[in-house]
Amino acid sequence: MNIVEGKLSLDGSEKVAIINGRFNHIITDRLVEGARDAFIRHGGDENKLDLILVPGAFEIPFALQKALESGKYDAVCCLGAVIRGSTPHFDYISAEATKGIATVGLNSGKPVSNGVLTTDTIEQAIERAGSKSGNKGAEAMLTIIEMLNLYSEMN
Ligand code: INI
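We now turn to the structure provided with this report. (Residues numbered from 1 in each chain as written. Predicted model: local features only at pLDDT ≥ 70, side-chain atom pairs only at ≥ 80, totals over all residues. Heavy atoms only, no water.)

1. Considerations on the packing of helix H1 (residues 25-41) against helix H5 (residues 136-154)
- Closest axis-to-axis distance for the H1/H5 pair is 6 Å, and the angle between their directions is 40°. In this structure, H1 crosses over H5, and the sense of that crossing is right-handed. In this structure, H1 contributes Leu 31, Gly 34, Ala 35, Ala 38 and Phe 39 to the contact, and H5 contributes Lys 136, Gly 137, Ala 138, Met 141, Leu 142 and Ile 145.
- For the contact of H1 with H5, the residue count by class is 8 nonpolar, 2 polar and 1 charged. (Axes fitted to C-alpha atoms, helices over the stretch in contact; angles between N-to-C directions. Helix = DSSP H or I, 4+ residues; strand = E, 2+ residues; numbered from the N terminus. Left-handed = near helix turned anticlockwise from the far one by under 90°. Contact = heavy atoms within 4.5 Å. Nonpolar A, V, L, I, M, F, W, Y, C, P; charged D, E, K, R; others polar.)

2. A short note on the environment of Ser 152
- Among the secondary structure elements, Ser 152 is positioned in helix H5.
- Look at Ser 152 and you get partly exposed, because its relative accessible area is 47%.
- For the pair formed by Ser 152 and Glu 5, sequence separation is 147 residues and the distance between their alpha carbons is 9.8 Å. (Buried < 20%, exposed > 50% of the residue type's maximum accessible area, 1.4 Å probe, protein only.)

3. Focus: the sheet that holds strand E3 (residues 75-83)
- Within the open sheet, the 4 strands sit side by side as E2-E1-E3-E4. Their pairing is parallel. The outermost strands of the open sheet, each flanked by one partner alone, are strand E2 (49-54) and strand E4 (112-119). Geometrically, the sheet is characterised by an average inter-axis angle of 15° between neighbouring strands, direction not taken into account.
- Relative to E3, strand E1 (residues 16-21) runs parallel, the two sharing 5 bridges. Each bridged residue has a counterpart across the sheet, and for Ile 18 the counterpart in E3 is Cys 77.
- Contacts from H5 reach E1, E2, E3 and E4, with the element oriented near 155° to E3. (Pairing = 2+ DSSP bridges.)

4. Here we look at helix H3 (residues 90-108)
- With 19 residues, H3 ought to run about 27 Å at 1.5 Å a step, and its terminal C-alpha atoms sit 27 Å apart, in line with that.
- Residues of H3 that are buried include every one of Phe 90, Ser 94, Ala 97, Gly 100, Ile 101, Val 104 and Gly 105, and no others. The buried residues of H3 all sit within an arc of 140° when viewed along its axis, so they share a single face. Opposite the buried face of H3, at more than 90 degrees from it, the exposed residues are Leu 106 and Asn 107.
- Positive backbone phi, at 75°, marks Gly 109, one or two positions downstream of H3. (Expected span 1.5 Å × (residues − 1). Arc of directions from axis to C-beta.)

5. Thoughts on the pattern of salt bridges
- Going through the model one piece at a time under the given rule, you end up with 10 salt bridges.
- The partner of Arg 30 in a salt bridge is Glu 33, with the nearest N and O atoms 2.9 Å apart. Here Glu 33 and Arg 30 lie together in helix H1, a separation of 3 residues that amounts to about one turn.
- Asp 45 is paired through a salt bridge with Lys 48; the nearest N and O atoms lie 3.4 Å apart. (Salt bridge = Lys/Arg side-chain N within 4 Å of Asp/Glu carboxyl O.)

In structure tokens:
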């Protein structure tokens, strides 16, 4: 059986954007740190990594569409934090962000990952932003790296 899968390494040529929601930036800044660290540690060239900031998770799909249409990026890693305690619109914002990222990503044919945290409490968000449950920003960037390599394996 031939297994087709992506490696977890970059050669420094890949142009990647991170789109980050500023809302709950105490959390999302940590996600960006994790994603940046994963990119560099796995062979990425930091000069080819852009950080695009948007007000909140709701705006991520709009910026994602623009970033992909620009043709400047091989892949985009989306980060944000929607916390139930902070908004009566939790379900609306988290659903729109998730649906928008998936729809725009599918239509682009390029790797897109969803590192938008959706948690009930700020404590749960902290746990996923570099403490006991790891860093979901780093995980979202590892997904980008694997999918970039998988796509080239499949060409
Ligand atoms: N945006 C987030 O990214 N996380 C949140 O928890 C949040 N809350 O709590 O409201 C949030 N709201 C802002 C939203 O994403 C938009 O920026 C805003 O509605 C303007 O379109």
